[in-house]
Amino acid sequence: MVKRILMIAYHYPPMRGSSGIQRTLKFSQYLGNHGWQPTVLSAHPRAYANTGDDQLGDIPQGMQVHRAFAFDTARHLSLFGRYPGWLALPDRWVSWWFGAVPAGLKLIRRQPPDVIWSTYPIATAHLVGLALHRLTGIPWVADMRDPMTDDDYPANPFLRRLYRWIERQTALHCELLVCTTRGAAEVYRARFPGLPAAKFEVIENGYDEENFINAEAIPLPHRPDGRLRLVHSGVIYPSERDPTALFQALASLLASGAIAAANFHLTLRATGHDAYIAAMIDEHQIGSVVSLAPHIAYRDALAEMLGADGLLILQAANCNHQVPAKLYEYLRARRPVLALTDPAGDTAATLRTAGVDTIAPLDCPIGIAQAIIRFIGLISSGGAPLATPETVQQYSRQARTSRLSDLLDAAIAPSTHS
């Protein structure tokens, strides 16, 4: 018997520019192999700052995708660069709630799902999931991914209290709360000690083998200059992935002659904060060895990873319970990885488990400079550590979807969590 799932996700094609899109897209693509029939409730494309059709073909043929009314407060209600803050609580896409809840109820009346599933990092998604669960009584699985709050995040105390309220309502009313790391699940178990520990589950992010097969068919560009090319693919958040110490390290290496424009280049692809980072590059006078690059189609970005000499991960200590989604794609690309992150965090632990030890703290210029020199030497000698195929395979999207299917089955069974 086919089981039905209503998937509430802001990040979904034709949106571009977020690795978070892949999680929902691939779940919706592969759940059919496990007896589940997904319906996706997403946002109207006007709410997205960047759209493209390069992944629309990955949406399973015949699957229902409903795009409810939504807009971006910052872009659509801004006047001279300012907009009412209360119209962006809990986030700039709160308007989606007013479109998604009625649309969701209509979908549920037409074809009742066995389970409702909603996914962060847009807080409004969980508010939609909460409302639909409370109005219908249908079991709800909350894909929290990462902790919504920390002791000093969000920085605004009112917003932090609001996020804590959303966290609490989600934890209390959902059947299962799913995180992407064991560290994040432990955070929630500690935060809600009165709830069963089994209510907090883990499904890591991953990579899609089909996408990599397609990317491997894209011809690699000819590189006659012989420079070692390092790539960071994706968003660089000013706090959570602060590149300041990295730029200081590169400036010192450039000044000492340890690296030069003739033998080293770092590409920062689709940072999401180009103007801010460009100013930092100019400030540190490293433009000869660092460049910004625009967003490209997803499979082209994978092809760039496959052709790089090394891949760069940035993750600050204030995100120790998170692992960037792109890390799993880096591991599948089978290219050397340089991770600038807290050695005590989940990102470093994931790499060490995979046999990768090229790690340095993100906030230590001296340590980063030393790590870069070692990394260059390992690449040059062919000795840079790579994850084994067996380790990589456990992070495939197919394997992660199988895990989700098991949890969904548990959610609709007679519950011991509520």
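Higher on the page you've got the structure.
The residue numbers shown here count from 1 along each chain, following its written sequence. Since the coordinates come from a predicted model, pLDDT governs what is reported: local features require at least 70, and pairs of side-chain atoms require 80 or more to be given and counted, while whole-chain, interface and lining totals use all residues. Note that water and hydrogens are dropped before the side-chain values are worked out from all heavy atoms of the structure.

**What about the overall build of the chain?**
Move 1: Helix and strand content of the chain: 15 helices and 13 strands.
Move 2: In this treatment the radius of gyration is a C-alpha quantity, and the globule benchmark scales as 2.2 Å times the residue count to the 0.38 power. Over its C-alpha trace the chain gives a radius of gyration of 22 Å, about what one expects of a compact globule, namely 22 Å for 418 residues.
Move 3: Each residue is assigned to one of three classes by its accessible area relative to the maximum for its type, calculated with a 1.4 Å probe on protein chains only: buried under 20%, partly exposed between the two thresholds, exposed over 50%. Scored against the burial criterion, the 418 residues of the chain give a buried share of 55%.
Move 4: A separation threshold of at least 6 residues defines the contact pool for the chain, and within that pool the share at least 24 residues apart is 76%. Strands here are runs of E lasting at least two residues and helices are runs of H or I lasting at least four, both read from the DSSP assignment and numbered beginning at the N terminus. In what follows, a contact means two residues having at least one pair of non-hydrogen atoms within 4.5 Å.

**A few points about the sheet that holds strand E4 (residues 115-119)**
Strands in a sheet are paired, the pairing made by backbone hydrogen bonds, and the direction either parallel or antiparallel.
Move 1: Taken together, 7 strands build an open sheet; the order of strands is E3-E2-E1-E4-E5-E6-E7 and the sheet is parallel. Each having just a single partner strand, strand E3 (64-68) and strand E7 (200-202) make up the two edges of the open sheet. With direction set aside, neighbouring strand axes in the sheet form an average angle of 25°.
Move 2: We call two strands paired when DSSP finds no fewer than two bridges between them. Across 4 bridges, E4 lies against strand E5 (residues 140-145) in parallel orientation. Note that in E5 the partner of Ile 116 across the bridge is Trp 140. Between the N-to-C directions of two axes lies an angle of 0 to 180 degrees, each axis being a line fitted to C-alpha atoms and, for a helix, fitted only over the stretch in contact.

**A word on the nonpolar core**
Move 1: Ile 8, Tyr 10, Trp 96, Leu 132, Met 148, Leu 177 and Tyr 188 are the most contacted members of the largest nonpolar core, which has 46 residues in total.
Move 2: Per element, the largest residue contribution to this core is 7 residues, and it comes from helix H4 (residues 123-136).
Move 3: In this structure, Leu 246, Ile 259, Val 290 and Ala 369 belong to the second largest nonpolar core, which totals 34 residues. To qualify as a nonpolar core, a set must consist of buried Ala, Val, Leu, Ile, Met, Phe, Trp, Tyr and Cys residues joined through side-chain atoms within 4.5 Å.

**Some words on the environment of Tyr 163**
Move 1: Among the structural elements, Tyr 163 can be located in helix H5 (residues 157-173).
Move 2: Contact partners of Tyr 163, with chain neighbours within four places excluded, come to Pro 90, Asp 91, Tyr 120, Ala 123, Met 148, Thr 149 and Pro 154.
Move 3: Whenever two N or O atoms come within 3.5 Å, that pair is a polar contact, provided that in protein one can donate a hydrogen and the other can accept it, and provided that, for residues adjacent in sequence, both atoms are side-chain atoms. Looking at Tyr 163, its side chain comes within polar contact range of the main-chain oxygen of Pro 90, at 3.1 Å.

**Description of the sheet that holds strand E12 (residues 337-341)**
Move 1: Read from one edge to the other, the open sheet built from 6 strands follows the order E10-E9-E8-E11-E12-E13, with strand pairing classed as parallel. Each having just a single partner strand, strand E10 (290-293) and strand E13 (359-360) make up the two edges of the open sheet.
Move 2: Sheet contacts for helix H8 (residues 244-256): strand E9 (264-269), E10, strand E11 (310-315) and E12; angle to E9, the most-contacted strand, approximately 160°.
Move 3: Packed onto the sheet, helix H13 (residues 365-381) meets strand E8 (228-233), E9, E11, E12 and E13 and runs at close to 170° relative to E12.

**A closer look at the packing of aromatic side chains**
Move 1: Pairing of aromatic rings covers Phe, Tyr and the six-membered ring of Trp, with a centre-to-centre limit of 6.5 Å; geometry is then stacked below 30 degrees between planes, edge-to-face above 60, and tilted otherwise. Applying the stated criterion to the full structure yields 11 aromatic pairs.
Move 2: Each ring, one from Phe 27 and one from Trp 117, has its centre 6.0 Å from the other, and the planes form 85°; the classification is edge-to-face. You can see Phe 27 sitting in helix H1 (residues 20-30) and its partner Trp 117 sitting in strand E4, a full 90 residues away along the chain. In this pair, the class of Phe 27 matches that of Trp 117, namely buried.

**Concerning empty space enclosed by the protein**
Move 1: Buriedness for pockets is judged along seven lines, at least five of which must meet protein on both sides within 12 Å for an open set on the 1 Å grid over protein atoms alone, while cavities are sets there where a 1.4 Å probe fits but cannot get out, and lining residues have an atom within 4 Å of a point. Grid points are joined across faces, edges and corners, and a volume is the space filled by probe spheres set on the points. Under the defined criterion, the tally for this structure stands at 2 cavities of 30 Å³ or more.
Move 2: Surrounding the largest cavity, Arg 4, Ile 5, Leu 6, Gln 37, Thr 39, Gln 64, Leu 107, Ile 108, Arg 110, Gln 111 and Pro 113 form its lining.
Move 3: Those elements that provide at least two residues to the lining of the largest cavity are strand E1 (3-8), strand E2 (36-43) and helix H3 (95-110).
Move 4: In this structure, the second largest cavity spans a volume of roughly 40 Å³.
Move 5: Lining the second largest cavity are Tyr 330, Leu 331, Arg 334, Arg 335, Pro 336, Val 337, Val 356, Pro 385, Leu 386 and Ala 387.

**Examining the pattern of salt bridges**
Any two side chains of opposite charge can pair, so long as their charged atoms come close to each other.
Move 1: Here a salt bridge means any side-chain nitrogen of Lys or Arg lying within 4 Å of a carboxyl oxygen belonging to Asp or Glu. For the structure on display, the rule yields 18 salt bridges.
Move 2: With a shortest N-O distance of 3.6 Å, Arg 145 and Asp 143 are connected by a salt bridge. Comparing Arg 145 with Asp 143 shows no difference in burial state: the two are buried.
Move 3: Between Glu 186 and Arg 189 there is a salt bridge, with the nearest N and O atoms lying 2.7 Å from each other. Taken as a pair, Glu 186 and Arg 189 lie in helix H6 (residues 182-191) at a separation of 3 residues, close to a single helical turn.
Move 4: Judged by its relative accessible area of 46%, Glu 186 is partly exposed.
Move 5: Here the residues in one salt-bridge network are Lys 26, Asp 58, Asp 208 and Arg 299, joined through shared partners.

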